[in-house]
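The residues making up each chain are set out below.
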Amino acid sequence: MKVVFSEGPASETDLDPVHPLKSLFRMAARQRRLFTAILALAGFSSLLLLLQPLLYREAVNDVAGVFVGKYQPPDNLDKMEDSLLKSWISKKPHTRTEVARRSPRQAMATLAGVVVLLLLISLMASFTSAGAEMLASRAGHGMERALILAAFRKALHLPLSRDSMERASF
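Notes on the structure follow. These numbers were taken from a predicted model, which means no experiment stands behind them.

**A look at the overall build of the protein**
Then, number 1: A tally of regular secondary structure across the protein gives five helices and zero strands.
Then, number 2: Reading the protein from its N terminus to its C terminus gives the helix and strand order α-α-α-α-α.
Then, number 3: The 170 residues of the protein split such that 25% are buried.
Then, number 4: In the protein, of all internal contacts separated by at least 6 residues, the share reaching a separation of at least 24 is 68%.

The following block contains the structure:
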């Protein structure tokens, strides 16, 4: 009874001792869904990290907007924003060449939002990066398993007469 290890992420049948790179590509092709998932997770993690400088820019512009002009509180205290969310929604956007004026409340609302978003982005990027690393180690483990099994199978099928002629210490 011969045991065949053909199931799994890589197989011994994929190995060709004459063309090792072709063998690696064949084993990787067998796992193309896994490698696609690795690329997707790594790409998503990188895109998330690219959002951070945009958030930093928004926070710096809003803090700078407090000092752009002399802030004058509204005449009527009823017009004053009563929550951070309302003050954040009511602000005028910055342009490419000009930083819009901000009240201290609006700047604080932006800073609070940016801190929360940066935390969420960092967590999501870390988890997706860890997921990509786990999948990559799984793919590598399958390919390594196939190579080890092929090497041991080859070593076990070598004739013993060759070794009995030579000294054991060599």
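**So, the packing of helix H2 (residues 32–66) against helix H4 (residues 104–156)**
Then, number 1: It is the contact of H2 with H4, at a shortest axis distance of 8 Å, that shows an interaxial angle of 165°. One way to sum up the angle between H2 and H4 is to call them roughly antiparallel. H4 is crossed by H2, and the crossing has left-handed handedness.
Then, number 2: The residue inventory of the contact of H2 with H4, partitioned by class, reads 29 nonpolar, eight polar and three charged.

**Examining the environment of Ser-46**
Then, number 1: Turning to its location among the elements, Ser-46 is positioned in helix H2.
Then, number 2: In this structure, the C-alpha to C-alpha distance between Ser-46 and Ser-129, residues 83 residues apart in sequence, is 8.6 Å.

**Side note on the nonpolar core**
Where a protein is soluble and globular, its nonpolar side chains tend to be buried together.
Then, number 1: With seven residues, the main nonpolar core is built from Leu-48, Leu-55, Ala-59, Val-114, Leu-118, Ile-121 and Ala-125.
Then, number 2: For this core, the secondary-structure elements that each account for two or more residues are H2 and H4.
Then, number 3: Sorting elements by how many residues they give to this core places H4 first, with four residues.

**Points about the packing of helix H1 (residues 20–30) against H4**
Packed helix pairs are characterised by how far apart their axes lie and by the angle those axes make with each other.
Then, number 1: Relative orientation of the contacting elements H1 and H4 amounts to 130°, with a least axis distance of 10 Å. Put simply, H1 runs oblique to H4. Relative to H4, H1 is oriented so that their crossing is right-handed. Residues Leu-24, Met-27 and Ala-28 of H1 form the contact with H4, whose participating residues are Met-143, Ala-146 and Leu-147.

**So, the environment of Glu-133**
Then, number 1: Summarising the element assignment, Glu-133 is placed in helix H4.
Then, number 2: When the C-alpha positions of Glu-133 and Leu-41 are compared, they lie 9.2 Å apart, and in sequence the two are 92 residues distant.

**Remarks on the pattern of salt bridges**
Then, number 1: Applying the stated criterion across every chain yields a total of one salt bridge.
Then, number 2: Across the salt bridge formed by Arg-102 and Asp-62, the nearest N and O atoms sit 2.9 Å from each other. Pair noted here: Arg-102 is in the loop between helix H3 (84–89) and H4 and Asp-62 is in helix H2, with a separation of 40 residues, a long-range link.

**Description of H1**
Then, number 1: Ser-23, Met-27 and Ala-28 are the residues of H1 that are buried. For H1, the arc enclosing every buried residue in end-on projection is 135°, short of the 170-degree limit, so these residues lie on one face. In this structure, H1 carries Leu-21 and Phe-25 as exposed residues pointing more than 90 degrees from its buried face.

**As for a nonpolar patch on the surface**
Then, number 1: Together, Leu-21, Leu-24, Phe-25 and Leu-147 make up a nonpolar patch on the protein surface, roughly 420 Å² of accessible area in all.
Then, number 2: Of the residues forming the nonpolar patch, the biggest block, three residues, is contributed by H1.
Then, number 3: Tracing the chain through its elements places Leu-21 in helix H1.
Then, number 4: Leu-21 gets classed as exposed once you look at its relative accessible area, which sits at 60%.

Calculation rules
- Residues numbered from 1 in each chain as written.
- Predicted model: local features only at pLDDT ≥ 70, side-chain atom pairs only at ≥ 80, totals over all residues.
- Heavy atoms only, no water.
- Helix = DSSP H or I, 4+ residues; strand = E, 2+ residues; numbered from the N terminus.
- Buried < 20%, exposed > 50% of the residue type's maximum accessible area, 1.4 Å probe, protein only.
- Contact = heavy atoms within 4.5 Å.
- Axes fitted to C-alpha atoms, helices over the stretch in contact; angles between N-to-C directions.
- Parallel < 35°, antiparallel > 145°, perpendicular 65-115°, else oblique.
- Left-handed = near helix turned anticlockwise from the far one by under 90°.
- Nonpolar A, V, L, I, M, F, W, Y, C, P; charged D, E, K, R; others polar.
- Core = buried A, V, L, I, M, F, W, Y, C linked by side-chain atoms within 4.5 Å.
- Salt bridge = Lys/Arg side-chain N within 4 Å of Asp/Glu carboxyl O.
- Arc of directions from axis to C-beta.
- Patch = residues over 30% accessible without salt bridge, like charges linked within 9 Å, V, L, I, M, F, W, Y side chains within 5 Å.
- Areas by Shrake-Rupley, 256 points an atom, 1.4 Å probe, with all protein chains shown as cover.

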